Amino acid sequence: MDSFRRSFAALALSVGVIASLPIQAEEAAPAYNVNDYYEVHQDKRIYVFDDASTFKEFLSSGETPFRLTRIGAGPNKETVVFGLRAMDKERKEAELGGVGLYDGKADGIEEAFYAEVNDGKRIYVFDDAKNFKAFRTGVETPFRYTEIGGGPHGETMVYVLTKKAADKKPEA
């Protein structure tokens, strides 16, 4: 009986030690920046941005101060360059919204989403994250409004529309 009491006491002591250990909180999901997305195909590179001001900087200078580069990772072996904000440079790749959207691992927000994909000949404009994701995965988006030569350098503008907005010219 004495050995039983010693075993029980040891078990109670170990349970007490485990119970006193701090409980670690579950890690929060990364806070993606997934309300906008910009992609430009230029000079055998694909440039990706998830921030309008970083994208505008790139358009004016042709460079981004901070970047994540994947050499040969594009669909035709292009180099993919993710333009980053200063606050993004210390984040892990999995925490970057542009990377998540490009890789198909993050969804854009449902309300007020905006995306542009400029392949050099056409600029595709999206205001719906589901249509954007379908486009990124090669699914044909049936509702479009097209302006031939309507882009800033004569590109064709393709506005990808939702079914409920398919009968209106996009103004915004």
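About the criteria used
Residues numbered from 1 in each chain as written. Predicted model: local features only at pLDDT ≥ 70, side-chain atom pairs only at ≥ 80, totals over all residues. Heavy atoms only, no water. Helix = DSSP H or I, 4+ residues; strand = E, 2+ residues; numbered from the N terminus. Buried < 20%, exposed > 50% of the residue type's maximum accessible area, 1.4 Å probe, protein only. Areas by Shrake-Rupley, 256 points an atom, 1.4 Å probe, with all protein chains shown as cover. Contact = heavy atoms within 4.5 Å. Polar contact = N/O pair within 3.5 Å; in protein donor to acceptor, adjacent residues only side chain to side chain. Arc of directions from axis to C-beta. Pairing = 2+ DSSP bridges. Axes fitted to C-alpha atoms, helices over the stretch in contact; angles between N-to-C directions. Salt bridge = Lys/Arg side-chain N within 4 Å of Asp/Glu carboxyl O.

### Remarks on the overall build of the chain
Point 1. When you go through the chain residue by residue, the secondary structure sums to four helices and eight strands.
Point 2. Ordering the α and β elements of the chain from the N terminus gives α-β-β-α-β-β-α-β-β-α-β-β.
Point 3. Out of the 172 residues belonging to the chain, those deemed buried represent 35%.
Point 4. Here the chain displays about 11600 Å² of accessible surface, and carbon together with sulfur accounts for 54% of that area.

### Re helix 4 (residues 129–136)
Point 1. All buried positions along helix 4 are accounted for by Ala129, Asn131, Phe132 and Ala134.
Point 2. Buried residues along helix 4 sit in contact with strand 1 (36–42), helix 3 (97–103), strand 5 (114–118), strand 6 (122–126) and strand 8 (156–160).
Point 3. Two to three positions downstream of the cap, the backbone nitrogen of Lys130 sits 3.2 Å from a side-chain oxygen, assigning the N-cap of helix 4 to Asp128.
Point 4. Note on helix 4: the residue one or two positions beyond its end, Gly138, has a positive phi of about 90 degrees.

### What about unusual backbone geometry?
Point 1. Although it is not a glycine, Asp43 sits at a positive phi angle of roughly 55 degrees.
Point 2. If you trace the backbone, Asp43 turns up in the loop between strand 1 and strand 2 (45–49).
Point 3. Asp43 gets classed as exposed once you look at its relative accessible area, which sits at 62%.

### A word on helix 2 (residues 52–61)
Point 1. Listed as buried for helix 2 are Thr54, Phe55 and Phe58. The buried residues of helix 2 all sit within an arc of 100 degrees when viewed along its axis, so they share a single face. Facing away from the buried side of helix 2 by more than 90 degrees, the exposed set consists of Lys56, Leu59, Ser60 and Ser61.
Point 2. After helix 2 finishes, the residue Gly62 shows a positive phi value of roughly 80 degrees.

### What to know about the sheet that holds strand 5
Point 1. Pairing within the open sheet is mixed, and its eight strands lie in the order 3-4-2-1-5-6-8-7. The open sheet is flanked by strand 3 (66–70) and strand 7 (144–147), the only strands paired with a single partner. This sheet shows a mean twist of 15 degrees between the axes of neighbouring strands, independent of strand direction.
Point 2. Against the sheet, helix 2 makes contact with strand 1, strand 2, strand 4 (79–84) and strand 5, and its axis sits at roughly 20 degrees relative to strand 1, the strand it touches most.
Point 3. Seen against the sheet, helix 4 touches strand 1, strand 5, strand 6 and strand 8 and runs at an angle of roughly 140 degrees to strand 6.

### Considerations on the pattern of salt bridges
Point 1. Going through the model one piece at a time under the given rule, you end up with eight salt bridges.
Point 2. Between Arg67 and Glu63 there is a salt bridge, and its shortest N-O distance comes to 2.5 Å.
Point 3. Residue classification places Arg67 among the partly exposed residues on the basis of a relative accessible area of 34%.
Point 4. One salt bridge in this structure joins Arg70 and Asp103, with 2.8 Å as the shortest N-O distance. Placement of Arg70 in strand 3 and of Asp103 in helix 3 is noted, with a sequence separation of 33 residues between them.
Point 5. Residue Arg70 is classed as buried on the basis of its relative accessible area of 18%.
Point 6. A relative accessible area of 32% places Asp103 in the partly exposed class.
Point 7. Salt bridges sharing common partners tie together Arg70, Glu93 and Asp103.

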